[in-house]
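Residue-level listing of the chains:
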Amino acid sequence: MASVTYKNVVKRYGDMTVIKDLSMEIKDKEFVVFVGPSGCGKSTSLRMLAGLEEISGGEIWIGDRKVNDVPPKDRDIAMVFQSYALYPHMSVYDNMAFGLKLRKVRKDEIDRRVKEAAEILGLVEYLDRKPKALSGGQRQRVAVGRAIVREPAVFLMDEPLSNLDAKLRVTARAEISKLHKRLQTTFVYVTHDQVEAMTMGDRIAVLNAGDLMQIDSPRNLYEYPDNIFVAGFIGSPSMNFFDATLVGEEGKLFVDTGSFRVHVPDGRKAPYQNYVGKQVVFGIRPEHIHGAQFAPPSINPSPITGTVDVVELLGHELHTYVSSGKSSFVATIDTRVAPSIGSKIDLVIDMDNMHLFDKNSEKAIR
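Now for a description of the structure that goes with this document.

So, how was this worked out
Each chain carries its own residue numbering, running from 1 in the written order of its sequence. With the structure being a predicted model, the display of local features is reserved for residues of pLDDT at least 70 and the display and counting of side-chain atom pairs for 80 or more, all residues being used for whole-chain, interface and lining totals. As a rule here, side-chain values cover all heavy atoms of the structure and leave hydrogens and water aside. Criterion used throughout: strands pair if DSSP finds at least two bridges between them. Secondary structure elements are defined from DSSP: runs of H or I of at least 4 residues count as helices, runs of E of at least 2 residues count as strands, and each element is numbered from the N terminus. Axis definition: a line fitted to C-alpha atoms, over the contacting stretch in the case of helices. Angles run 0 to 180 degrees between N-to-C directions. Here a helix's expected span is defined as the number of its residues, less one, multiplied by 1.5 Å. Our angle categories are set so that under 35 degrees counts as roughly parallel, over 145 as roughly antiparallel, 65 to 115 as roughly perpendicular, and the remainder as oblique. Helix crossings fall into two classes, left-handed where the near helix is turned counterclockwise from the far one by less than a right angle and right-handed where it is turned clockwise. Here a residue-residue contact requires only that any non-hydrogen atoms of the pair lie within 4.5 Å. Think of a nonpolar core as a cluster: buried Ala, Val, Leu, Ile, Met, Phe, Trp, Tyr and Cys residues, connected wherever their side-chain atoms sit within 4.5 Å. Buried means the residue's accessible area, taken with a 1.4 Å probe over protein chains only, is under 20% of the maximum for its type, while exposed means over 50%, and partly exposed covers the values in between. Throughout this description, a polar contact denotes any pair of N or O atoms lying within 3.5 Å of each other; where both atoms belong to protein, one of them has to be capable of donating a hydrogen while the other can accept it, and for residues adjacent in sequence the pair is counted only when both atoms sit in side chains. Aromatic pairs are defined between Phe, Tyr and Trp rings, using the six-membered ring for Trp, whenever the two ring centres lie within 6.5 Å; interplanar angles under 30 degrees are classed as stacked, those over 60 as edge-to-face, and all others as tilted.

**Regarding the sheet that holds strand E20 (residues 355–358)**
Phase 1 of the analysis: Judged by pairing direction, the sheet is antiparallel, and its five strands sit side by side in the order E13-E12-E11-E14-E20 without closing on themselves. At either margin of the open sheet sits one strand with a lone partner, and together these are strand E13 (261–264) and E20. Neighbour-to-neighbour, the strand axes of this sheet turn through a mean angle of 40°, independent of strand direction.
Phase 2 of the analysis: In this structure, strand E12 (residues 252–256) lies alongside E13, joined through four bridges in antiparallel fashion. Bridge pairing in E13 places Asp-256 opposite Arg-261.

**Overview of the pairing of strand E2 (residues 16–26)**
Phase 1 of the analysis: When strand E1 (residues 4–13) meets E2, the two strands line up antiparallel, connected through seven bridges. Paired with Lys-11 across the strands is Ile-19, a residue of E2.
Phase 2 of the analysis: Linkage of E1 to E2, two consecutive antiparallel strands, is achieved through a turn of two residues, within which Gly-14 is found at a positive phi near 65°.

**What about the sheet that holds strand E15 (residues 289–291)?**
Phase 1 of the analysis: Judged by pairing direction, the sheet is antiparallel, and its five strands sit side by side in the order E15-E19-E16-E17-E18 without closing on themselves. Edge positions in the sheet fall to E15 and strand E18 (327–333), since each of these pairs with one other strand and no more. Within this sheet the neighbouring strands show an average axis-to-axis angle of 45°, counted without direction.
Phase 2 of the analysis: Where strand E17 (residues 318–324) lies against E18, seven bridges are found, and the strand directions are antiparallel. Paired with Val-322 across the bridge in E18 is Phe-329.

**Examining helix H3 (residues 107–121)**
Phase 1 of the analysis: Given a rise of 1.5 Å per residue, 15 residues ought to cover 21 Å, and the 21 Å separating the end C-alpha atoms of H3 matches this to within 8%.
Phase 2 of the analysis: Looking one or two places after H3, you find Gly-122, whose phi comes out positive at around 70°.

**Comments concerning the packing of helix H2 (residues 92–102) against H3**
Packed helices, taken two at a time, are described by their axes: the angle between them and the distance between them.
Phase 1 of the analysis: Where H2 contacts H3, the axes come no closer than 10 Å and their chain directions differ by 135°. With respect to H3, the axis of H2 lies oblique. Considering the relative orientation of H2 and H3, their crossing is right-handed. Here H2 contributes Tyr-93, Met-96, Ala-97, Leu-100 and Lys-101 to the contact with H3, which in turn contributes Ile-110, Asp-111, Arg-113, Val-114, Ala-117 and Ala-118.

**Some points on the nonpolar core**
Phase 1 of the analysis: Core analysis: the largest hydrophobic core is formed by 44 residues, its most contacted members being Met-96, Val-114, Ile-176 and Tyr-189.
Phase 2 of the analysis: Look past the residues within four positions of Ile-176 in its chain and what remains in contact with it is Phe-31, Gln-140, Met-157, Pro-160, Leu-161, Phe-187, Tyr-189 and Met-200.

**Concerning helix H5 (residues 166–183)**
Phase 1 of the analysis: If you check H5, its first and last C-alpha atoms are 26 Å apart, about what 18 residues at 1.5 Å a residue would give, namely 26 Å.
Phase 2 of the analysis: In the core, the buried residues of H5 are packed alongside strand E3 (31–35), H3, helix H4 (136–148), strand E7 (154–158), strand E8 (186–191) and helix H6 (194–200).
Phase 3 of the analysis: The N-cap residue of H5 is Asp-165: its side-chain oxygen and the backbone nitrogen of Lys-167 are 3.2 Å apart.
Phase 4 of the analysis: Of the residues trailing H5, Gln-184 is marked for its positive phi of about 55°.

**Some details on the environment of Ser-83**
Phase 1 of the analysis: Residue position: Ser-83 is located in the loop between strand E6 (77–80) and H2.
Phase 2 of the analysis: Given a relative accessible area of 53%, Ser-83 falls into the exposed group.
Phase 3 of the analysis: With 79 residues separating them in the primary sequence, Ser-83 and Ser-162 have C-alpha atoms 8.9 Å apart.

**A closer look at the packing of aromatic side chains**
Phase 1 of the analysis: If you walk through the whole model with that rule in mind, you get 11 aromatic pairs.
Phase 2 of the analysis: Between the aromatic rings of Tyr-6 and Phe-34, the centroid separation amounts to 6.1 Å while the plane-to-plane angle is 55°, which identifies the pairing as tilted. Of this pair, Tyr-6 sits in strand E1 while Phe-34 is found in strand E3, placing the two residues 28 residues apart along the sequence.
Phase 3 of the analysis: The exposure class assigned to Tyr-6 is buried, which follows from its relative accessible area of 1%.
Phase 4 of the analysis: With relative accessibility at 0%, the residue Phe-34 sits in the buried group.

So this is what it looks like as structure tokens:
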């Protein structure tokens, strides 16, 4: 097993820099997810680790070995691709065994590893089938099995679930998480889906335009985002942001958006004293905005009145898009509220879960 370390890694294509000074350490046996929008550099970061892309600067280490110039086949890694890349003319057994045959592994050892991986992945009854006779989810498991038989120090997975339908993705996520716990191996996983990232990773590395914006546990990314990008990327629906002014009156602090004003809890005033009278960005997640009549009793009852623009019923919750003055935002509210489009609605904000960001640097004020 092995840790993975990126030290000041840079990747350029001609004059374009796609990875800018990436530094992070992934611990032995950790499951780390790279997440971010398309073009942020997450797949490139993984492919450099695999040796499929040359690095333009810096160092990559697997365990105590620098692998900058080590060929992919000698890096002790196994990769699962988005396309699965199965050989259509080979059986499931032969697809899983192929890499071991190339390495001249003994026949009895190949048989042991393939059957063990098939048992783990529920593929025993499919070993004689060709890929075309399998469902998308089964093909995905064969691709994972082909990686497992290698018994690598590090598993690399590049959006392996993106070709599956929504329901199958949920099942496959759970299977991969269980597999990580069973194998006790380092996993590095790339996805654009922040729900996948939040449910699977021990830690998540959020990238944007080649920069590492934050790496932390799912809970800390959600509750303590370092900047506006991370705050807006993690969570669904996304966090609401308002340009606002921090106002001090009679020893109290208020966030004034121009459309509404809300009180900053006294216990949270300390970090914001230097911003009184200044422009800030106020952030609040949709799930921390409640219909006034069903709000938790601990929330300060100072309702905001808005007009309902759109209503999305998701069964257990209601996403309500609201306009108030010049501001538009989304609230995830109790289904008992049952607003209709065009109607007025009273909402309250749980300010214990508020976020304030510096308007210029876009960093969280703490």
